[in-house]
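Results of the structural survey
So you can see what is in the structure, the chains are spelled out below.
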Amino acid sequence: MRRPLRRLHRSFRVAALFAAAGLAQSPSDLLKSPEIRAAFAAVEHNEPRMIETQVHVCEIPAPPFHEDVRGKELERLFNEAGLKDVRIDKAGNVIGVRPGKAAHPNLVFAAHLDTVFPEGTNVHVTREGTLLKGPGIGDDCRGLAVMLGVIHALNDAHVQTPGTITFVADVGEEGLGDLRGMKQLFYESLKGQIDAFVSVDGTGLGVTNIGVGSNRYKVTFKGPGGHSYGAFGLANPIQAMGRAIAKIDAFEVPTQPKTTFNVGRVGGGTSVNAIPFEGWMEVDMRSADPASLKAVDDKFHAALKEAVDEENARWKNRGAVSVSAELVGMRPAGQTPKDSPIVQTALAVSRALGIQETLHEGSTDANVPMNLHIPAITISGGGIGSGAHSLNESFDTKDSWKGTQRALLLAVSLVQ
Ligand SMILES: [Zn+2]
């Protein structure tokens with residue numbers, strides 16, 4: 001007896017949220033419309049062709065900072081799919097517009113071009129039945145294929161959306177790419193023009209609404225250095241670094257929101273019998289909460305200064321040591337609340353399609369808009385993936401069209 005009541009209550013709440021968000025139609029309403037039914041049929045019909053495209057795009061190498069060749073191909077595919085104003089921005093993002101009746105709401109729908117694999121990696125894709133194997137086949141060639149699948153299905157079904165969808169194949173999502181594509185897009189190329197953001201990344205049917213941010217530093221300690229016996233009594237950069245590491249190790253950080261720190265690499269010195277002139281370390285700190293990330297970052301800078309001051313005091317400033325911290329990576333943190341209209345819409349889409357939904361945290365393109373408080377989530381692109389970021393990456397195409405249908409219904413729901 002309680003169950004139906006609860007369900008009723010929940011759907012009422014969702015309807016209220018759509019009203020609050022100015023959404024004319026809920027996903028389940030849209031799902032009943034003849035155009036969306038036609039678009040769903042087109043997704044299924046086109047899927048084999050989209051899988052071909054997924055393989056084709058994936059066999060164009062896109063190592064970090066060298067996404068240009070794959071980007072050129074996406075530019076061609078965007079033009080072929082009839083997108084308007086197709087262009088490549090300063091960072092290398094490929095942008096194409098599918099205009100609605102109005103310019104706003106403007107939803108950016110993105111997938112990333114880059115892979116983690118270095119230049120020279122064999123990117124040939126093999127097939128056994130429904131199983132595709134190749135580096136990047138899921139992350140994120142699947143996202144690119146879903147994006148193209150959505151565009152073609154909307155066109156085939158002649159869907160005219162009230163708002164506009166801007167499609168972006170972006171650069172720099174992985175590792176040291178440092179979200180540079182998204183930074184360019186939100187800080188310059190489309191600054192102030194984006195009302196909502198969805199990226200399609202990887203496989204399965206998840207939704208990510210928490211963006212774990214990170215700050216990464218290369219820290220260098222320097223001093224004059226000298227003979228370990230003859231110059232004994234000089235401050236020592238590596239010993240100063242040891243003091244800093246001990247202080248970092250003692251940091252107390254919150255478990256909720258999870259906040260972390262790590263000294264990942266160290267190096268320096270020239271010989272066992274020389275006071276080093278240099279020592280260095282690499283440090284990574286993470287949190288989904290911008291304030292917690294800033295707090296641990298502040299502690300880290302204070303620890304460096306204290307460590308150097310103590311080392312110099314210990315040796316009465318003979319051969320004084322100095323320290324500098326270079327920011328080598330910065331992925332902004334943020335989150336889109338569970339009760340926000342975009343997350344509620346994504347959950348309503350999943351419910352309408354009978355998909356069991358759980359919310360995830362991660363570090364994706366959506367971090368940048370989340371940090372700017374622009375409604376943003378990352379969804380995955382359907383199918384079954386394994387081995388992301390490894391040479392054994394695979395993608396099972398079984399029922400993968402469900403991912404494209406989910407993405408399509410979400411995109412249309414967000415531009416009502
Ligand atoms: Zn990815």
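Scroll up to find the structure this text is about.
The paragraphs below set out a description of the structure included in this document. Model, not experiment: these values are computed from the prediction. (Residues numbered from 1 in each chain as written. Predicted model: local features only at pLDDT ≥ 70, side-chain atom pairs only at ≥ 80, totals over all residues. Heavy atoms only, no water.)

**Considerations on the side chain of Asp114**
By secondary structure assignment, the location of Asp114 is in the loop between strand 3 (106–112) and strand 4 (126–128). Salt bridges are absent for the buried Asp114, whose nearest opposite-charge side chain, Arg180, sits at 5.8 Å. Separated by 2.9 Å, the side chain of Asp114 and the backbone nitrogen of Glu173 make a polar contact. Leaving out residues up to four positions away in the same chain, Asp114 has contacts with Ala62, Glu67, Asp170, Val171, Gly172, Glu173 and Glu174. (Helix = DSSP H or I, 4+ residues; strand = E, 2+ residues; numbered from the N terminus. Buried < 20%, exposed > 50% of the residue type's maximum accessible area, 1.4 Å probe, protein only. Lys, Arg positive; Asp, Glu negative; His and termini not counted. Salt bridge = Lys/Arg side-chain N within 4 Å of Asp/Glu carboxyl O. Polar contact = N/O pair within 3.5 Å; in protein donor to acceptor, adjacent residues only side chain to side chain. Contact = heavy atoms within 4.5 Å.)

**Looking at the coordination of the zinc ion**
For the zinc ion, the protein coordination sphere consists of His112 (NE2), Asp139 (OD), Asp201 (OD) and Asp201 (OD), at 1.9 to 2.7 Å. In this structure, the zinc ion is coordinated by 4 donor atoms arranged in irregular fashion, with angles at the metal of 52 to 146 degrees. Read N to C, the donor residues that coordinate the zinc ion are spaced as H-x26-D-x61-D. Residue His112 is found in strand 3, and its partner Asp139 is found in the loop between strand 5 (131–133) and helix 5 (141–156); the two are separated by 27 residues along the sequence. Accessibility expressed as a relative area gives 1% for His112, which makes it buried. Residue Asp139 is classed as buried on the basis of its relative accessible area, which comes to 11%. (Donors = N, O, S within 2.8 Å, 3.2 Å for Na, K, Ca; no water. Tetrahedral: all angles 85-135°; square planar, octahedral: opposite > 155°, others 65-115°.)

That is the geometry; function is a separate question.
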